[in-house]
Amino acid sequence: MKKLILLLFTIPFLAIGQEKGISFEHNTTWAKVKAKAKAEKKHIFVDAFTTWCGPCKWMAANVFPQEHVGTFFNENFVNLKIQMDETAEDNADVKSWREEAKRFAKDYKIAAYPTFLIFDPNGELVHRIVGGGEADQFIALAKEGLDPNTQYETLVKKFNANPTDKAIARSTAKAAVKAYDRDLTAKAVESVINNSTADELLENETLKLVSQNIGKPGSKAFSTILAHKEKVDAKLGAGKTDELLSVSIINSEIAPVVMKSEEDILDQTVAEVSKKYPNVSLTNSIASFKPNFYARRKNWPAFRDAVQAFINIDPSKVNSSQLNSFAWAIFENCDDPSCVESALAWSKKSLESENNPALIDTYANLLHKVGKTKEAIEWQEKAIAMVDDASKAEYQETLEKMKKGEPTWVK
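Just so you know, these numbers come straight off a predicted model, no measurement behind them. (Residues numbered from 1 in each chain as written. Predicted model: local features only at pLDDT ≥ 70, side-chain atom pairs only at ≥ 80, totals over all residues. Heavy atoms only, no water.)

So, about helix H22 (residues 373–386). Residue pairs spaced three or four apart in an α-helix point in one direction, given the helix's 3.6 residues per turn. If you check H22, its first and last C-alpha atoms are 20 Å apart, about what 14 residues at 1.5 Å a residue would give, namely 20 Å. Among the residues of H22, those classed as buried are Ala376, Ile377, Gln380, Ala383 and Ile384. Axial view of H22: buried residues confined to an arc of 120 degrees, hence all on one face. Among the exposed residues of H22, those pointing more than 90 degrees away from its buried face are Lys374 and Ala385. Those residues of H22 that are buried lie in contact with helix H21 (357–369) and helix H23 (389–404). (Helix = DSSP H or I, 4+ residues; strand = E, 2+ residues; numbered from the N terminus. Expected span 1.5 Å × (residues − 1). Buried < 20%, exposed > 50% of the residue type's maximum accessible area, 1.4 Å probe, protein only. Arc of directions from axis to C-beta. Contact = heavy atoms within 4.5 Å.)

Another point: the packing of helix H15 (residues 240–260) against helix H16 (residues 266–276). The geometry of H15 relative to H16 is characterised by a closest axis approach of 10 Å and an angle of 145 degrees between their N-to-C directions. Handedness of the crossing formed by H15 with H16: right-handed. Between H15, through Ile249, Glu253, Ile254, Val257 and Val258, and H16, the contact on the second element is made entirely by Leu266, Thr269, Val270, Val273 and Lys276. Taken together, the residues of the contact of H15 with H16 break down into 7 nonpolar, 1 polar and 2 charged. (Axes fitted to C-alpha atoms, helices over the stretch in contact; angles between N-to-C directions. Left-handed = near helix turned anticlockwise from the far one by under 90°. Nonpolar A, V, L, I, M, F, W, Y, C, P; charged D, E, K, R; others polar.)

Take the packing of helix H19 (residues 320–333) against H21 next. H21 packs onto H19 with a crossing angle of 35 degrees between their chain directions and a minimal axis gap of 10 Å. Both H19 and H21 take part in a crossing whose hand is left-handed. Every residue of H21 that contacts H19 at Ser320, Asn324, Ala327, Trp328, Ile330 and Phe331 is listed here: Ala358, Leu359, Asp361, Thr362, Asn365, Leu366 and Lys369. Here the contact of H19 with H21 is composed, by residue class, of 7 nonpolar, 4 polar and 2 charged.

Let's shift gears to the state of the cysteines. Applying the stated criterion across every chain yields a total of 1 disulfide. The disulfide bridge from cysteine 53 ends at cysteine 56, spanning 2.3 Å between sulfur atoms. Negative torsions about the S-S bond denote left-handed disulfides, and the value of about 85 degrees found for cysteine 53 with cysteine 56 makes this one right-handed. In this model cysteine 334 remains outside any disulfide bridge; the closest cysteine sulfur is found in cysteine 339, 3.4 Å from its own. Taking the relative accessible area as the measure of exposure, cysteine 339 reaches 0% and is therefore buried. (Disulfide = S-S within 2.5 Å.)

Okay, the sheet that holds strand S2 (residues 77–83) next. The mixed open sheet is built from 4 strands, whose spatial order is S2-S1-S3-S4. In the strand order of this sheet, the two ends are held by S2 and strand S4 (125–130), each with one partner. Strand-to-strand twist across the sheet, computed as the mean angle between neighbouring axes with direction ignored, equals 20 degrees. Here strand S1 (residues 43–49) pairs with strand S3 (residues 115–119) via 5 bridges, running antiparallel. Across the sheet, residue alanine 48 finds its bridge partner in S3, namely threonine 115. The sheet contacts of helix H6 (residues 98–107) involve S1, S2 and S3, and relative to S2 the element is tilted by about 100 degrees. (Pairing = 2+ DSSP bridges.)

For the rest of this paragraph, the subject is H21. Here H21 is 13 residues long and its end C-alpha atoms lie 18 Å apart, about the 18 Å a rise of 1.5 Å per residue gives. Of all 13 residues making up H21, 12 are buried, and the element is well covered by its neighbours. For H21, the complete set of buried residues consists of Pro357, Leu359, Ile360, Asp361, Thr362, Tyr363, Ala364, Asn365, Leu366, Leu367, His368 and Lys369.

Before going further, it helps to spend a moment on the confidence of the model for the protein chain. If pLDDT is low for a region, its predicted coordinates should not be looked at in detail. Confidence in the prediction of the protein chain, expressed as mean pLDDT, is 92, and 95% of residues score 70 or more. Counting contacts from residues 1–18, a segment whose pLDDT is below 50, to residues more than four positions away or on other chains yields 0 contacts. (pLDDT = per-residue confidence, 0-100.)

Right, let's get into the pairing of S1. Counting buried residues in S1 gives 7 out of 7 residues, a clear majority hidden from the surface. Side chains His43, Phe45, Asp47 and Phe49 of S1 all project onto a buried face; the interleaved residues Ile44, Val46 and Ala48 project onto the opposite face, where all are buried too. Sheet analysis places S1 next to S2, joined by 7 bridges and oriented parallel. Looking at S2, one finds that aspartate 47 is bridged to lysine 81.

Structural data, given as structure tokens:
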């Protein structure tokens with residue numbers, strides 16, 4: 001009986017704890033949600049999530065339960081969660097929303113997760129947020145959905161009604177970037193360009209907008225940056241134009257071709273594409289692309305050569321973290337002695353500018369892999385002395401393997 005009494009007294013307190021965060025509607029329909037929002041004169045907040053989405057889970061576990069988050073959303077919105085994927089574990093409530101979820105995905109063009117939609121009290125979509133954020137940041141983003149001056153869908157309507165208004169186009173472009181709406185971003189940026197003078201295009205705010213949203217080769221932004229190459233470099237720094245344009249070219253015309261080919265046609269493709277853009281240097285961006293390409297192909301000797309070529313362009317611009325990542329990739333995946341020796345040199349170089357236990361651990365592991373185990377043990381002991389308590393056990397396990405002469409890599 002005492003246990004039962006304790007349980008009865010516990011339940012109310014649990015309920016109070018659960019109500020501190022956002023209160024979401026359950027066992028309802030879209031029609032009922034809209035009716036409630038209209039009656040209470042509140043906007044509607046919809047969390048369109050999937051069960052496999054990491055950021056969705058993070059928001060649900062870390063942001064939505066916070067009391068001040070709940071206070072803001074519960075006062076201003078009728079809140080609803082819609083699961084956009086289907087699983088065998090779905091309960092009856094989730095299953096009842098499956099058709100509605102498909103309609104939401106189609107009608108509201110949901111292409112990334114998490115996507116948060118905000119509707120006005122009449123059930124009309126006025127705003128969208130793509131991706132999560134910390135509590136205060138997320139509240140600020142949601143507030144934009146309550147203000148007609150910052151509501152995404154409202155800005156879209158204003159832009160469509162006034163496509164030549166530069167101020168509206170600029171605001172729309174910025175909002176479209178946040179909403180991951182690439183088509184609208186391109187249209188709005190093009191409008192800004194078309195309605196700006198040559199001098200206005202080089203103003204800091206406009207140049208930043210255009211240069212950060214170049215899109216594909218042939219776009220208005222791409223052509224504009226190329227046409228003003230010298231002036232853009234003067235504003236943003238030498239070589240910046242080549243960097244911006246070459247990334248666009250690689251992403252659109254090189255990467256899609258070489259990634260799907262079973263053969264290594266990278267150099268051939270680069271040579272062919274380069275002819276189309278004689279005024280754009282692809283050299284630095286291709287050098288940066290190649291290590292990633294060969295890592296995906298698991299061609300580690302080619303990866304080693306690509307990394308070394310990338311470093312050789314300007315060693316001062318390759319930071320210790322990059323060197324460590326390159327070295328660790330070789331350590332984990334390649335037993336070729338020449339590859340491991342190169343990785344050891346990169347790792348040693350990383351220690352010149354940063355005394356970090358993670359970098360030291362990489363160096364120690366590589367020393368062990370090339371057979372310099374006595375030296376490796378000394379370096380691993382240095383790493384253990386510096387590392388935080390939470391990681392000591394892992395570092396110590398590596399040290400013990402070294403002392404036993406066992407490999408610290410997967411064979």
